[in-house]
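Each chain, letter by letter, is given below.
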Amino acid sequence: MPQQETGTELSQRIKRALKRIPRGKVATYAQIAALAGHPRAVRAVFWILHSSSRKAKLPWQRVINSRGRISLKLGNGYEQQRALLEREGIVFELGGSVDLGRYQWRP
DNA sequence: AGCATGACTAGGC
DNA sequence: AGCCTAGCCATGC
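Counting of residues starts from 1 at the beginning of each chain's written sequence and follows it residue by residue. For this description, chains carry letters from A and ligands carry numbers from 1, given in the order in which they are written. Two thresholds apply to this predicted model, a pLDDT of at least 70 for residue-level local features and 80 or more for giving and counting side-chain atom pairs, whereas whole-chain, interface and lining totals are computed over all residues. No hydrogens and no water enter the side-chain calculation; it runs on all heavy atoms of the structure.

**Things to note about the overall build of chain A**
Which entries qualify depends on this criterion: Secondary structure elements are defined from DSSP: runs of H or I of at least 4 residues count as helices, runs of E of at least 2 residues count as strands, and each element is numbered from the N terminus. Taken over C-alpha atoms, the radius of gyration is set against a globule rule of 2.2 Å times the number of residues to the power 0.38. Only protein chains enter the accessibility calculation, which uses a 1.4 Å probe; a residue is then buried when its area is under 20% of its type maximum, exposed when over 50%, and partly exposed in between. Note on areas: Shrake-Rupley with a 1.4 Å probe; residue coverage comes only from the protein chains shown. For the charge count, each Lys or Arg is scored as positive and each Asp or Glu as negative, with His and the chain ends excluded. By convention, the charge on Lys lies at NZ, on Arg at CZ, on Asp at CG and on Glu at CD.
Along its length, chain A carries 5 helices and 2 strands. Secondary structure elements of chain A, listed N to C terminal, follow the sequence α-β-α-α-β-α-α. The C-alpha atoms of chain A give 13 Å as radius of gyration, which agrees with the globular expectation for 107 residues (13 Å, within 12%). Taken along the three principal axes of its C-alpha coordinates, chain A extends 40 × 25 × 20 Å. Among the 107 residues that make up chain A, the fraction classed as buried is 41%. Accessible surface for chain A amounts to roughly 6900 Å². Of this, 49% is attributable to carbon and sulfur atoms. Computed over 20 positive and 7 negative side-chain charges, the inter-centroid distance for chain A is 5 Å.

In structure tokens form, the structure reads like this:
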């Protein structure tokens, strides 16, 4: 049977927003929070992403911070996220950031 | 019920 | 430019 949708309505809205990010594009934490209807709920967004059991089936790798950088630390998921994004065609600049003007999802 | 934690952000100095 | 602070939300103990 399908997974039971638990948590608050906000959590579910955040998950729905995450699933809308198209392949090859990225979104910022604030952007997801805004799409979920709570522009200030950024912390709720990364709480969902940081909890591995909740990020199943979610394109968690497409969420980066407002500066276009991956927020994970080296050796703690950073390289995996970067590899996943590069596989989707996203090109990282020398400093390790992505060009938001080029790759940010605009609904 | 209260406090700590977590992949953030914008603003101030 | 880099560091500090406050604001924000859900969850776990």
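**Some words on the protein's contact with DNA strand B**
In plain terms, the rule: Residues are counted as near a molecule or strand when any one of their heavy atoms sits within 4 Å of it. Nitrogen and oxygen atoms within 3.5 Å of one another constitute a polar contact, given that in protein one can donate a hydrogen and the other can accept it, and given that sequence-neighbouring residues count only through two side-chain atoms. For this classification, Asp, Glu, Lys and Arg are treated as charged, while Ala, Val, Leu, Ile, Met, Phe, Trp, Tyr, Cys and Pro are nonpolar and the rest, including Gly, are polar.
Within the structure, DNA strand B sits among 14 residues, and Tyr-29, Arg-43, Leu-49, Asn-65 and Ser-66 are positioned closest to it. In DNA strand B, the atoms that sit within 4 Å of the protein are 46% sugar and phosphate, with bases accounting for the remainder. Between DNA strand B and the protein, one listed contact pairs a phosphate oxygen with a backbone N or O atom of Ser-66 at 2.7 Å. Note that a phosphate oxygen of DNA strand B is positioned 3.5 Å from one of the side-chain N or O atoms of Ser-71. Looking at which element gives the most residues to the surface near DNA strand B, the answer is helix α3 (residues 42-50), with 6 residues. For the surface near DNA strand B, the per-class residue count stands at 8 nonpolar, 4 polar and 2 charged.

**Observations regarding the protein's contact with DNA strand C**
Looking at DNA strand C, the residues that line it are Gly-7, Thr-8, Leu-10, Ser-11, Arg-40, Ala-41, Arg-43, Ala-44, Trp-47 and Arg-54. For DNA strand C, the fraction of atoms within 4 Å of the protein that belong to sugar or phosphate moieties is 69%. Mapped by element, the contributors of at least two residues to the surface near DNA strand C are α1 (9-19) and α3. If you tally residues by element for the surface near DNA strand C, the top one is α3, at 3 residues. For the surface near DNA strand C, a count of residues per class yields 4 nonpolar, 3 polar and 3 charged.

**Looking at the environment of Val-45**
The condition is simple: Contacts are assigned to residue pairs that have any heavy atoms within 4.5 Å of one another.
Among the structural elements, Val-45 can be located in helix α3. Residues Val-45 and Ala-30 lie 15 residues apart in sequence; the distance between their C-alpha atoms is 8.3 Å. For Val-45, the contacting residues outside a window of four places in its chain are Ile-14, Tyr-29, Ile-32 and Ala-33.

**Quick look at the environment of Arg-62**
Topologically, Arg-62 is positioned in the loop between α3 and β2 (63-64). The spatial distance from the C-alpha of Arg-62 to the C-alpha of Gln-104 is 9.4 Å, given a sequence separation of 42 residues. Residue contacts for Arg-62: discarding those within four places in its chain leaves Ile-21, Pro-22, Arg-23, Gly-24, Lys-25, Val-26, Ala-27, Leu-85 and Glu-88. For Arg-62, the side chain forms a polar contact with the side chain of Glu-88, separated by 2.9 Å.

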